[in-house]
Amino acid sequence: MEFEALNASELTAYLQGIPAVYALLGEPAELEIAEVGDGNLNYVYFASNARAAEKSVVVKQAPPFLRLVGKTWPLGRERMEREVAALRRFGSLCPQHVPTVYHADSQLFLMVMQRLANHRILRQGLMDGVVYPKLADHLSTYLANTLFFGSDLFLAADIKKKAMSAAVNSELCRITEDLVFTYPFEEHSSNVYSPKLPRSALERLRHTPELRVAAAEMKWAFMNHAETLLHGDLHTGSIMVNADETYVIDPEFSFYGPMAFDIGAVLANLLLAYFSRDWHGRLNDGRPEAYQAWLLEQVGTIWTEFAAKFQKLWREHEGRSKTAFIGDDPDRQCADAFKARFMQRLLADTLGFAGCKMIRRIVGMAKVAEITHITDDTARAEIEVRCLQCAETLLVQRHSLTDIEHVVRLAETLQRANHSNNH
Ligand code: SR1
Ligand code: MG
């Protein structure tokens with residue numbers, strides 16, 4: 001039977017039939033239902049008690065196609081199972097940063113989850129220039145916990161391999177392999193370019209050998225480095241925030257992949273917010289610099305706090321289990337050298353993935369609002385070129401950008417160069 005999105009009365013009847021959810025909603029005679037999904041894949045509803053709006057849940061359903069494109073792009077509905085499993089796993093590791101799943105239905109490919117009514121999508125907050133004082137602390141905690149506890153640094157080898165095979169998500173990984181690592185670097189029909197993006201910028205993506213090789217290396221790492229259970233799509237639209245709390249939502253792209261992919265996604269989106277602030281900041285108060293400084297501070301702090309927390313978890317686990325990944329090493333010299341190289345490689349991979357993620361948002365089919373909302377085509381193209389320059393350097397020079405401060409300085413330099421060209 002052809003899929004039809006649930007209408008309000010069908011969803012009401014459905015929720016009334018799940019005692020635990022119905023109780024959470026206060027057992028109302030009437031529910032307010034609103035379809036609010038603005039993502040690329042799924043239908044999302046708010047279901048609220050018509051007389052007590054604070055009693056409310058989110059319902060998310062996967063249609064058998066990609067919502068962004070429609071029925072001509074079929075997509076397996078089992079992706080909802082990946083998402084539910086990932087939310088539950090991440091929720092057990094980091095309950096303060098992951099919404100609760102109340103109910104999952106593997107027949108309807110639907111879940112009911114906690115409504116974050118006092119939070120907003122981080123991307124929107126960043127476009128409005130809002131400072132979130134706890135963001136770096138929260139995101140670094142989320143990243144350290146989820147990435148460490150899914151890996152061979154913590155799990156027994158057999159348990160990790162079982163978890164890895166349970167998390168295979170080929171169809172959604174294929175979307176990433178194509179849209180993030182392949183199509184942006186070739187002339188592909190799905191690419192979308194803004195009207196004034198210079199042809200030379202596109203040519204550069206296709207014809208700079210070091211860049212093509214670096215992107216191919218990141219694609220290889222994405223496809224083969226099954227290090228831990230990832231969120232898989234950790235952009236600023238997958239993060240909900242307020243001044244006190246941060247939640248990570250939407251892990252339908254979850255799979256066992258390279259740790260750096262999630263960290264790189266966060267940093268890439270902060271850098272897109274940084275460069276596009278030139279436009280949004282001018283609209284708001286005429287002075288983008290202070291907020292841009294805050295954004296770069298987040299880039300630096302998220303990485304440094306993540307690195308510190310991740311290594312602390314690692315040390316504590318070794319202390320408890322009285323074994324080291326490296327085996328016996330009484331004076332710890334080799335263990336410490338291994339850790340230092342591990343973290344250095346993680347930073348290099350993070351920058352490589354961040355570069356690919358930035359490029360795909362500029363030339364690929366799925367865009368981000370901080371770029372598409374720039375209504376002046378010339379200003380948009382200038383900002384896009386800067387994002388591409390930053391991304392290329394991150395990719396090509398990822399092994400020599402050995403400190404996150406180098407990344408901060410790179411962004412500042414590109415930004416300053418633009419200002420001296422334009423003034
Ligand atoms: C074709 S789906 C486009 C994008 O939406 C998701 O958020 C992922 O980023 C995916 O690549
Ligand atoms: Mg999503």
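Just so we're clear, the structure is a prediction, and the values are computed from it rather than from any experiment.

Novice: A description of the sheet that holds strand β1 (residues 31-35) should follow, citing residues and the corresponding values.
Specialist: The strand order across the open sheet formed by five strands is β1-β2-β3-β7-β6, and the pairing between neighbours is antiparallel. In this open sheet, the two edge strands, each paired with only one partner strand, are β1 and β6 (101-105). On average, each strand axis in the sheet is inclined to that of its neighbour by 20 degrees, with strand direction left out of account. Note that strand β3 (residues 52-61) and strand β7 (residues 110-114) share five bridges and pair antiparallel.

Novice: Would you mind going over the pairing of β6 in detail, with residue names and values included?
Specialist: Looking along a regular strand, one sees the side chains alternate between the two faces of the sheet. Summarising the sheet, β6 and β7 pair through four bridges and their orientation is antiparallel. In the sheet register, V101 faces β7, and the bridge partner there is M113.

Novice: So what's going on with the domain arrangement of the protein chain? Residues and values would help.
Specialist: Along its sequence, the protein chain is carved into domain 1 (8-114) and domain 2 (120-422). The C-alpha-based centres of domain 1 and domain 2 are spaced at 28 Å. Contact residues are listed per partner, giving 18 residues for domain 1 and 19 residues for domain 2. Looking at side-chain class alone, the side of domain 1 that touches domain 2 contains ten nonpolar, four polar and four charged residues.

Novice: Run through unusual backbone geometry, naming residues and quoting values.
Specialist: The residue D250 is not glycine, and still its phi comes out positive at about 65 degrees. Position of D250 relative to the elements: it lies in the loop between β11 (246-248) and β12 (256-257). A residue is classified by how many C-beta atoms lie within 10 Å of it, and D250, with 24 of them, is buried. Unlike most non-glycine residues, K322 shows phi in positive territory, near 60 degrees. Judged by the 6 C-beta atoms lying within 10 Å of it, K322 is exposed.

Novice: Can you break down the site of ligand 1 residue by residue, with the values?
Specialist: N40, L66, L68, I175, T176, L179, D233 and A366 make up every residue found near ligand 1. Take the shell around ligand 1: its biggest share by element is three residues, from helix α7 (residues 170-179). For the shell around ligand 1, the per-class residue count stands at five nonpolar, two polar and one charged. For the shell around ligand 1, the two domains that each supply at least three residues are domain 1 (8-114) and domain 2 (120-422).

Novice: Describe the environment of N242, and please don't skip the residues or the numbers.
Specialist: Following the sequence through the fold, N242 ends up in the loop between β10 (239-241) and β11. Looking at N242, the number of C-beta atoms within 10 Å reads 15, which means it is partly exposed. Residues N242 and V130, spaced 112 residues apart in sequence, show a C-alpha to C-alpha distance of 9.5 Å.

The rules behind each value
Residues numbered from 1 in each chain as written. Chains lettered and ligands numbered in written order. Predicted model: local features only at pLDDT ≥ 70, side-chain atom pairs only at ≥ 80, totals over all residues. Pairing = 2+ DSSP bridges. Helix = DSSP H or I, 4+ residues; strand = E, 2+ residues; numbered from the N terminus. Axes fitted to C-alpha atoms, helices over the stretch in contact; angles between N-to-C directions. Domains from an automatic or database assignment. Contact = placed C-beta atoms within 7 Å. Nonpolar A, V, L, I, M, F, W, Y, C, P; charged D, E, K, R; others polar. Buried ≥ 20, exposed ≤ 12 C-beta atoms within 10 Å, placed from the backbone. Near = placed C-beta within 6 Å.

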